[in-house]
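# Descriptive analysis of the structure
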Amino acid sequence: MSMETTFSIIKPNAMKKNAIGGIINKFESQGLKIAAAKLTQLSKEKAEEFYSEHKERPFFGELVTFMTSAPVMLMALHGENAISKNREIMGATNPSEAAAGTIRAEYGDNVGENAVHGSDSPESAQRELNLFFEKNEICNC
C-alpha cells in the first residue's frame, strides 16, 4: 500500500459551472481524502510560477490569463496511490478524449479549459503542494 498526497486544482471554468461538489464527490467516492483545501484567486505572479515549465510555449499567456480569470479551488488529496488515482479520475487532458464519467469528460470545455489539474509525479506533487500550502495546513490523515 503506497499512501501519497497529491495536488489538485479545480480550474476557473469548473468553478463557474458550480462543479466543486460534484468534483470533490468523484475524488471522495474513489477513496481520496481532502487533506487540505483553499478557495483563492490566483495572482498573475503565482500562476506564472506554477506554470513556469510552460513559459516558452505559445499558449503560456493565455493559460495564465485563464487561471487568473476567476477563483480556483486548491486541494491536497491523500490516499493509496493518490497521484495515479487522481489522474485516472480526472481523465485525459483533452475532454473530448476523456472516458465517460471522468471529471474532464463531464466538466471540461477544451484542452486549455479542462476543469482540473493534477500532479503527474511525486516530484511535481511536492513542488506544487509546497507552492500553495504550508506543511501544517495539510492533514496527515
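What counts as what
- Residues numbered from 1 in each chain as written.
- Predicted model: local features only at pLDDT ≥ 70, side-chain atom pairs only at ≥ 80, totals over all residues.
- Heavy atoms only, no water.
- Salt bridge = Lys/Arg side-chain N within 4 Å of Asp/Glu carboxyl O.
- Helix = DSSP H or I, 4+ residues; strand = E, 2+ residues; numbered from the N terminus.
- Buried < 20%, exposed > 50% of the residue type's maximum accessible area, 1.4 Å probe, protein only.
- Pairing = 2+ DSSP bridges.
- Phe/Tyr/Trp six-rings, centres within 6.5 Å; stacked < 30°, edge-to-face > 60°.
- Lys NZ or Arg CZ within 6 Å of the ring centre and 35° of its normal.

Looking now at the pattern of salt bridges. Oppositely charged side chains are able to pair whenever their charged atoms sit close together. The full count for this structure, using the stated rule, is 5 salt bridges. Between K17 and D109 there is a salt bridge, and its shortest N-O distance comes to 2.6 Å. Placement of the pair is K17 in the loop between α1 (12–16) and α2 (20–29) and D109 in the loop between α6 (103–107) and β4 (116–118), with a sequence separation of 92 residues. The partly exposed category is assigned to K17, whose relative accessible area is 38%. Measuring nitrogen to oxygen at the nearest pair gives 3.5 Å for the salt bridge that ties R127 to E53. Highlighted residues: R127 in helix α7 (residues 122–132) and E53 in the loop between α3 (44–50) and α4 (60–67), separated in sequence by 74 residues.

Attention now moves to the pairing of strand β3 (residues 72–80). Burial analysis of β3 places 8 of its 9 residues in the buried class, the great majority of the element. Two strands pair when backbone bridges link them, and strand β1 (residues 3–10) and β3 are joined in this way by 8 bridges, in the antiparallel orientation. If you follow T6 over to β3, its bridge partner there is L77. The sheet contact formed by strand β2 (residues 33–40) and β3 spans 7 bridges and is antiparallel. Each bridged residue has a counterpart across the sheet, and for T40 the counterpart in β3 is V72.

Turning to the environment of G61, a few remarks are in order. Among the secondary structure elements, G61 is positioned in helix α4. By relative accessible area, which is 42% here, G61 ends up partly exposed. The sequence separation of G61 and Q126 amounts to 65 residues, and the corresponding C-alpha distance is 25 Å.

Taken as a whole and assessed by the stated rule, the structure comprises 5 aromatic pairs. Ring plane angle 70° and centroid distance 6.5 Å describe the contact between F7 and F133, whose orientation is recorded as edge-to-face. Of this pair, F7 sits in strand β1 while F133 sits in the segment after α7; the two residues are 126 residues apart in sequence, bridging distant segments of the chain. Taken as a pair, F7 and F133 share a single burial class, namely buried. An aromatic cluster of three or more residues is present, and its members are F7, F50, Y51, F132 and F133. Over the face of the ring belonging to F132 we find K46, whose NZ or CZ atom lies 5.6 Å from the ring centre.

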